[in-house]
Amino acid sequence: MLKAENLRYVYTSGLIKTTKKTAVCSVDLEILPGETVAIVGESGCGKSTLAKLLVQQLSPASGEVFFDETKLTGMSWKKLRKFMGKIQLIPQNPADVLDPRWTVERSVAEPLVISRAFSREDISAKVDALFAEVGLSAEHKPRYPHELSGGELQRVVIARALALKPELLVCDEATSMLDVSVQAFIVAVLKEIQKKRELGMVFITHDLETAKAVSDRGLVMYAGEIVEEGKDVFDQPLHPYTRALLDAVRYVSLELVLPEEGEAQPAGFSGCPYFRLCRERTDMCKEPQKLRDVSGRLVRCWKAK
Ligand SMILES: Nc1ncnc2c1ncn2[C@@H]1O[C@H](COP(=O)(O)OP(=O)(O)OP(=O)(O)O)[C@@H](O)[C@H]1O
């Protein structure tokens, strides 16, 4: 359904003295219909940038994104709009999507109005059905965002995302601003909707337990690259970084081997990006590491077997 090939994205900041940050690098990814892929990795590893590349909010420096064989990268905005109903982003913060001056009913109706495909009566009936689908009642419709709880707001965002019958939801830390009990509820709502509508889902999260619970396949990112990808990633990690990430959750007292934000390899170093922190490194790790198939798992580490 959605396929990304060799994606790379570089942020440039500063006016006089510009700095460049490669946030995503060499990312290949395929999401099948109805499949949930969880993307995990520490803060700053490039998860949100990848999400924005998938939903075409950012254009890659190189690489391509396809939806059902149609290349989205480089497509004119006019043509792209037709596809963007099919791929919807659920962001961490509802404020990124909902206008504080609008009732939530208007926000949910907006994509249907913009599509110009429905009459006023149709839109009203569809909005009612969308509110019901995410477990909100008619009483919530005339309220403004500040009059709803965090969990209710995130359900409004989901209702809006479903308006144009998407085939893929990209959930970028969609529950991380909510308290734990509400998080579980929103994840359950998303999974139920996914099953009913047979949606593909990319689920980006810091929470490894949730990632394991919701996903068919896990994908671990480090320093902008995928370091490991496969079905049992969270049960039987093969990459030293995935093991460190899981250990950091299991043994809170363990001395962590996660890097400080912004910590970089020496200029010109093209080996494993995890080299400096890896407890298992050898001189071989100074060579560029390719994603290799290890018994059906893709791992960017020559030692994995
Ligand atoms: N607009 C920007 N300008 C410059 N650098 C940016 C910008 N947005 C993100 N970055 C940098 O790109 C890298 C990847 O950021 P990104 O937000 O994709 O990471 P993330 O894994 O989603 O982090 P988090 O889990 O904290 O949201 C980080 O080093 C970040 O500082």
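Just so we're clear, the structure is a prediction, and the values are computed from it rather than from any experiment.

Can you tell me about the overall build of the protein chain, naming the residues and giving the values?
A tally of helices and strands in the protein chain yields 8 helices and 12 strands. Scaling as 2.2 N^0.38, a compact globule of 305 residues should have a C-alpha radius of gyration of about 19 Å, and the protein chain matches this with 20 Å. With 305 residues in all, the protein chain has 50% of them scored as buried. At a minimum sequence separation of 6, the contacts of the protein chain that also span at least 24 residues come to 61%. As presented, the protein chain carries roughly 16000 Å² of accessible surface, and 51% of it is formed by carbon and sulfur atoms.

Summarise the UniProt feature "domain: ABC transporter" (unreviewed entry) in the protein chain; cite the residues concerned and give the values.
Per the UniProt record, the feature "domain: ABC transporter" (unreviewed entry) sits at residues 2-248. A helix fraction of 36% and a strand fraction of 26% characterise residues 2-248, whose end C-alpha atoms lie 32 Å from each other.

If you had to explain the site of the ligand to someone new, which residues and values would you point to?
In the vicinity of the ligand, the contacting residues are Tyr-11, Lys-21, Ala-23, Glu-42, Ser-43, Gly-44, Cys-45, Gly-46, Lys-47, Ser-48, Thr-49 and His-206. One nitrogen or oxygen atom from the side chain of Ser-43 is found 2.5 Å from an oxygen atom belonging to the ligand. One nitrogen or oxygen atom from the main chain of Cys-45 is found 3.1 Å from an oxygen atom belonging to the ligand. When the ligand sits alone it has 630 Å² of accessible area, and the protein chains cover 65% of it.

Which residues make up the sheet that holds strand 5 (residues 70-71), and what are the values?
Pairing is antiparallel in the open sheet, where 4 strands are placed in the order 2-1-4-5. In the strand order of this sheet, the two ends are held by strand 2 (19-31) and strand 5, each with one partner. Looking at chain direction, strand 1 (residues 2-13) and strand 4 (residues 62-67) are connected through 5 bridges and run antiparallel. Its bridge partner being in strand 4, Lys-3 is matched across the sheet by Phe-66.

Please set out the pattern of salt bridges residue by residue, giving values where relevant.
Scanning all chains against the criterion turns up 16 salt bridges. Notably, a salt bridge pairs Glu-225 with Arg-300, separated by 3.2 Å at the nearest N-O pair. Here Glu-225, found in strand 10 (residues 225-230), pairs with Arg-300, found in the segment after strand 12 (297-299); they are 75 residues apart in sequence, far enough to count as distant. Assigned by exposure class, Glu-225 and Arg-300 land together as buried. The structure contains a network of salt bridges with shared partners spanning Glu-35, Arg-217 and Glu-229.

Could you give an account of the side chain of Asp-99, naming the residues involved and the relevant values?
Tracing the backbone through its elements, the reader meets Asp-99 in the loop between strand 6 (87-90) and helix 3 (104-115). A distance of 2.7 Å separates the side chain of Asp-99 from the side chain of Arg-101, its partner in a polar contact. Beyond its immediate stretch of four places on either side in the chain, Asp-99 contacts Ser-107 and Pro-145.

Any details on the packing of helix 3 against helix 4 (residues 120-133)? Residues and values, ideally.
Interhelical geometry of helix 3 versus helix 4 gives an angle of 120° and a closest axis separation of 10 Å. On the basis of the axis angle, helix 3 is oblique to helix 4. Between helix 3 and helix 4 lies a crossing of right-handed hand. For the pair helix 3 and helix 4, contact is made by Val-104, Glu-105, Val-108, Ala-109, Leu-112 and Val-113 and by Ile-123, Lys-126, Val-127, Leu-130 and Phe-131, respectively. A class-by-class count of the residues in the contact of helix 3 with helix 4 yields 9 nonpolar, no polar and 2 charged.

Tell me about the pairing of strand 6, and name the residues and values.
In strand 6, alternate side chains face the same way, and those of Ile-87 and Leu-89 on one face and Gln-88 and Ile-90 on the other are all buried. In the sheet, strand 6 pairs with strand 7 (residues 168-172) via 4 bridges, with the strands oriented parallel. Within strand 7, the residue paired with Leu-89 across the bridge is Val-170.

I'd like a rundown of the packing of aromatic side chains, residues and numbers included.
Tallied over the entire structure, the rule returns 5 aromatic pairs. Centroid distance Tyr-222 to Tyr-274: 5.1 Å. Interplanar angle 80°. Geometry classified as edge-to-face. Of this pair, Tyr-222 sits in strand 9 (residues 217-222) while Tyr-274 is found in the loop between helix 8 (240-250) and strand 11 (292-294), placing the two residues 52 residues apart along the sequence. Seen in terms of ring centroids, Phe-269 and Phe-275 are 5.4 Å apart; in terms of plane orientation they differ by 40°. Their pairing is tilted. Its relative accessible area of 25% is what places Phe-269 among the partly exposed residues. The buried category is assigned to Phe-275, whose relative accessible area is 13%.

What counts and how
- Residues numbered from 1 in each chain as written.
- Predicted model: local features only at pLDDT ≥ 70, side-chain atom pairs only at ≥ 80, totals over all residues.
- Heavy atoms only, no water.
- Helix = DSSP H or I, 4+ residues; strand = E, 2+ residues; numbered from the N terminus.
- Rg over C-alpha atoms; globule rule 2.2 N^0.38 Å.
- Buried < 20%, exposed > 50% of the residue type's maximum accessible area, 1.4 Å probe, protein only.
- Contact = heavy atoms within 4.5 Å.
- Areas by Shrake-Rupley, 256 points an atom, 1.4 Å probe, with all protein chains shown as cover.
- UniProt positions renumbered as here; feature names shortened; annotations may be inferred.
- Near = heavy atom within 4 Å.
- Polar contact = N/O pair within 3.5 Å; in protein donor to acceptor, adjacent residues only side chain to side chain.
- Pairing = 2+ DSSP bridges.
- Salt bridge = Lys/Arg side-chain N within 4 Å of Asp/Glu carboxyl O.
- Axes fitted to C-alpha atoms, helices over the stretch in contact; angles between N-to-C directions.
- Parallel < 35°, antiparallel > 145°, perpendicular 65-115°, else oblique.
- Left-handed = near helix turned anticlockwise from the far one by under 90°.
- Nonpolar A, V, L, I, M, F, W, Y, C, P; charged D, E, K, R; others polar.
- Phe/Tyr/Trp six-rings, centres within 6.5 Å; stacked < 30°, edge-to-face > 60°.

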